[in-house]
Amino acid sequence: MLGHNQIPALHKQSTLRRFPNLRALHLQDNVIGKEGVDALHETMETLNSIASLSHLRLIRNGPLDKVFEGNSGQLRLFLIARLPALQNLNLSDVRNKEREAAERFYLKWVKQKFAAEGDVFIRNYPHFALYDKKYGGIHEQKDTQKFDKLSKRLLEVKLTHLGRSKVKRVPDTMLVSKILVLSRRLFKLDRDTPLTLHLISGKDGHTLALEDLTLPLRQYPIASGDTIQVD
C-alpha cells in the first residue's frame with residue numbers, strides 16, 4: 001500500500017519493477033501527475049510494465065484528475081485502456097463492455113489530444129495502433145459502410161426519474177447531452193435544474209456516471225435493456 005504518501009510519479013527505476021508477481025497496488029490520495037506530462041507518461045509505462053498488476057486504486061490524485069478536468073468517468077476509461085491488464089480499478093471490476101468502451105474512448109482521446117503532433121506520433125502512442133486495428137481502423141475510417149450501419153443501431157433503454165419511467169429507442173450515436181435534453185422533455189423538468197445521469201446495467205446492476213456530455217452513448221458500456229437514471 002502506497003496511498004497517502006504524496007507520491008508525484010513512478011519512475012523507470014521504481015522498486016515496484018522488482019516485484020514481478022505484484023497483483024494489487026494502492027496509490028490513492030497521492031499527487032500522481034504533479035511532475036508534468038512526461039513524468040505522468042513514465043508512471044503509466046511503469047505500471048504497464050508490471051504484467052501481473054490486475055487491481056489498482058488511483059483515486060484522489062489531484063494533478064491526474066486535472067488532466068481530464070475532474071471528469072472521473074473519462075479518467076477511468078483512460079486508465080482501463082492505458083493499462084489493459086487491469087481487472088479491477090478503484091474497487092470496481094472492469095467488465096468486457098466497459099473495456100471496449102474504454103478502448104474506443106482512448107482512440108478518440110489520443111487523436112484529439114495529440115492532433116498537433118502528427119499522424120506518426122499518434123500511431124506510435126502506446127496501444128493506439130493495436131486498438132485502431134481491433135476496431136476496424138477507426139483512425140482512418142476506411143470502412144464507411146460498416147460505420148454507417150453501426151451508427152444507425154438503436155438501443156432500447158429505460159429512463160427513470162423519481163419513480164417514473166419511460167422506455168425509448170435511441171441511436172447509439174446519440175450524445176449524452178441529447179439524452180439530458182430528452183430527459184427534461186420526458187419528465188417535464190426545468191432547463192435550469194441541474195441533473196446527473198447514471199447508466200445502470202440491466203445485466204448485473206453495475207452503475208456508471210454519464211459525465212461527459214460530448215460523448216456518444218456508444219463510448220459507454222451501454223446495451224439494450226439498460227437503464228439511465230436521471231437525478
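Below is a short write-up of the structure. Given the structure is predicted, the values throughout are model-derived calculations rather than measurements.

All right, on to the nonpolar core then. In this structure, Leu47, Leu56 and Ile228 are the most contacted members of the largest nonpolar core, which totals 61 residues. Mapped onto this core, the elements with two or more residues apiece are α1 (37–48), α3 (72–82), α4 (96–113), α6 (128–134), β5 (154–161), α8 (176–186), β7 (197–200) and β9 (227–230).

Each strand in a sheet pairs with its neighbour through backbone hydrogen bonds, running either in the same direction (parallel) or in the opposite one (antiparallel). Here five strands make up an open sheet; going across it, the order is β6-β5-β9-β7-β8 and the pairing mixed. Where the open sheet ends on each side, the last strands, each with one partner, are β6 (164–171) and β8 (207–209). Averaged over neighbouring strand pairs, the angle between their axes works out to 30 degrees when direction is ignored. As paired strands, β7 and β9 are joined by four bridges and run antiparallel to one another. Bridged to Leu199 within β9 is Ile228.

A word on empty space enclosed by the protein. Within this structure, the stated rule accounts for one cavity of 30 Å³ or more. Its boundaries defined by the atoms lining it, the largest cavity holds a volume of some 50 Å³. Lining the largest cavity, in full, are Leu47, Asn48, Ile50, Leu53, Leu83, Pro84, Ala85 and Leu86. Split into classes, the residues belonging to the lining of the largest cavity amount to seven nonpolar, one polar and no charged.

For the rest of this paragraph, the subject is the layout of surface pockets. Here the idea is plain: a probe the size of a water molecule rolls over the atoms and shows the empty space left. Put simply, the second largest pocket is a space of about 300 Å³. The wall of the second largest pocket is formed by 18 residues, among which Val37, Leu40, Trp109, Phe114 and Tyr125 lie closest to the centre. Those elements giving two or more residues to the lining of the second largest pocket turn out to be α1, α2 (62–67), α3 and α4. Each residue belonging to the lining of the second largest pocket can be placed in one class, and the counts come to twelve nonpolar, three polar and three charged.

Let us now look at the packing of α1 against α3. Interaxial distance between α1 and α3 falls to 10 Å at its minimum, and their mutual angle equals 50 degrees. Taken together, the axis directions place α1 and α3 in an arrangement best described as oblique. From α1, His41, Met44, Glu45 and Asn48 reach across to α3, where they touch Phe78, Leu79 and Arg82. For the contact of α1 with α3, the residue count by class is three nonpolar, two polar and two charged.

Criteria and cut-off values
Every chain is numbered on its own, with residues counted from 1 as its sequence reads. Note on the predicted model: pLDDT of at least 70 is required for a residue's local features to be given, and 80 or more for side-chain atom pairs to be given and counted; whole-chain, interface and lining totals, by contrast, use all residues. To obtain the side-chain values, all non-hydrogen atoms of the structure were used and water was disregarded. Buried Ala, Val, Leu, Ile, Met, Phe, Trp, Tyr and Cys residues that are joined via side-chain atoms within 4.5 Å together make up what is termed a nonpolar core. The buried label goes to any residue with under 20% of its type's maximum accessible area, the exposed label to any with over 50%, and the partly exposed label to all in between, with areas taken from a 1.4 Å probe on protein chains only. Helix and strand assignments come from DSSP, with helices taken as H or I runs of at least 4 residues and strands as E runs of at least 2, each series counted from the N terminus. Two strands pair if DSSP finds at least two bridges between them. The angle between two axes is taken between their N-to-C directions and runs from 0 to 180 degrees, where each axis is a line fitted to C-alpha atoms and a helix contributes only its stretch in contact. Buriedness for pockets is judged along seven lines, at least five of which must meet protein on both sides within 12 Å for an open set on the 1 Å grid over protein atoms alone, while cavities are sets there where a 1.4 Å probe fits but cannot get out, and lining residues have an atom within 4 Å of a point. Grid points are joined across faces, edges and corners, and a volume is the space filled by probe spheres set on the points. Here the nonpolar group is Ala, Val, Leu, Ile, Met, Phe, Trp, Tyr, Cys and Pro; Asp, Glu, Lys and Arg are the charged ones; every other residue, Gly included, is treated as polar. Our angle categories are set so that under 35 degrees counts as roughly parallel, over 145 as roughly antiparallel, 65 to 115 as roughly perpendicular, and the remainder as oblique. Should any heavy atoms of two residues lie within 4.5 Å, those residues are considered in contact.

These results come straight from atomic positions and should not be treated as a statement about function.
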